[in-house]
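So the chains spell out like this:
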Amino acid sequence: MVPLPGKIGSELLKGEYRDIYPSDGVRPAEPEVSGGARAARPETAGSVRTMDEAMTPVPKTEKEWRERLAPEEYAVLRRGATEQPWSGDYVSTDTVGVYRCRACGAELFRSAEKFESHCGWPSFHDPADTDAVTLHEDRALGMIRTEVRCARCDSHLGHVFHGEGYPTPTDDRYCINSVALTLEAYD
Ligand SMILES: [Zn+2]
């Protein structure tokens, strides 16, 4: 099924927000799915790596999150909403570079892992670093899915699906919201 193109709308985001987190936005406790990293990768004190330079301190309060993120970013990253298919900046881009978490700057995926899934969201067959994301069982919307979150800041990124038959090395499809990502192009 190929959904019609559309823009992120506050109505949609509010609607999905209610659907996913009916108890007024409180993220329910969810068991972790095996295979996910258990903790954020360790910080490297004093490192001069550009990866660290790109990362920003993780906010500690909802107020700080709201100040950092645009409303549509907040809805997806912090409230688990989903952007409209085909609406994101990175659905079809093939720019070579690194995809970082838009909330905290951590490296999540590389362009070499991106593939054309025709699903309307950027799709990757593997995280750039297996510790970069964590996986969580998601029973929202009457389905059992595997949610993908940033390991560093625990922000919602999207979902991962396995065994769909895509010709990729892992047969995984990390279906990620564009608005959860920032593409850093290589020179
Ligand atoms: Zn993050």
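Residues numbered from 1 in each chain as written. Predicted model: local features only at pLDDT ≥ 70, side-chain atom pairs only at ≥ 80, totals over all residues.

## Looking at the overall build of the chain
Operational definition: Note on conventions: DSSP H or I runs of at least 4 residues are helices, E runs of at least 2 residues are strands, and numbering of each starts at the N terminus. Here a residue counts as buried when 20 or more other C-beta atoms sit within 10 Å of its C-beta, as exposed when there are 12 or fewer, and as partly exposed otherwise, the C-beta atoms being derived from the backbone. Placing a C-beta atom from the backbone of each residue, one calls two residues in contact when those atoms lie within 7 Å.
Helix and strand counts for the chain stand at four helices and nine strands. Each helix (α) and strand (β) of the chain, taken in turn from the N terminus, gives the series α-α-α-α-β-β-β-β-β-β-β-β-β. Counting the 187 residues in the chain, one finds 34% classified as buried. Within the chain, contacts between residues separated by at least 24 positions form 65% of all contacts whose residues are at least 6 apart in sequence.

## Overview of the nonpolar core
Quick reminder of the rule: Among buried residues, those of type Ala, Val, Leu, Ile, Met, Phe, Trp, Tyr and Cys that are joined through C-beta atoms within 7 Å form a set called a nonpolar core.
Cys101, Leu108, Val133, Val148, Cys150, Ile176 and Ala180 are the most contacted members of the largest nonpolar core, which has 31 residues in total. Every element with two or more residues in this core is listed here: helix H4 (71-77), strand S1 (97-101), strand S2 (107-110), strand S5 (133-138), strand S6 (145-150), strand S7 (156-162) and strand S8 (172-176). Tallying contributions element by element places H4 first for this core, with four residues. Among residues more than four places away in sequence, those in contact with Val148 are Val133, Leu135, Leu157, Gly158, His159, Val160, Tyr174 and Ile176.

## Overview of the sheet that holds strand S9 (residues 181-185)
The line we're drawing: Strand pairing is assigned whenever DSSP identifies at least 2 bridges connecting the two strands. Here an angle of 0 to 180 degrees is reported between the N-to-C directions of two axes, which are lines fitted to C-alpha atoms, with helices fitted over the stretch in contact.
Strand order across the open sheet formed by three strands is S2-S1-S9, with antiparallel pairing between neighbours. Where the open sheet ends on each side, the last strands, each with one partner, are S2 and S9. Looking at each pair of strands side by side, their axes are set apart by 30° on average, direction ignored. Relative to S2, S1 runs antiparallel, the two sharing three bridges. Of the residues in S2, the one forming a bridge with Tyr99 is Phe109.

## Digging into the pairing of S6
Across six bridges, the pairing between S5 and S6 is antiparallel. Across the sheet, the residue bridging to Leu135 is Val148, located in S6. Here S5 hands over to S6 after six residues, with Leu141 in that stretch at a positive phi of 60°. Adjacent in sequence and paired antiparallel, S6 and S7 are bridged by five residues, among which Asp154 carries a positive phi angle near 65°.

## Points about unusual backbone geometry
With the exception of glycine, most residues fall at negative phi, and the peptide bonds are largely trans. The phi dihedral of His118 is positive, around 60°, even though this residue is not glycine. We classify His118 as exposed; it has 10 C-beta atoms within 10 Å. Of note, Leu141 is a non-glycine position whose phi angle comes to about 60°, a positive value.

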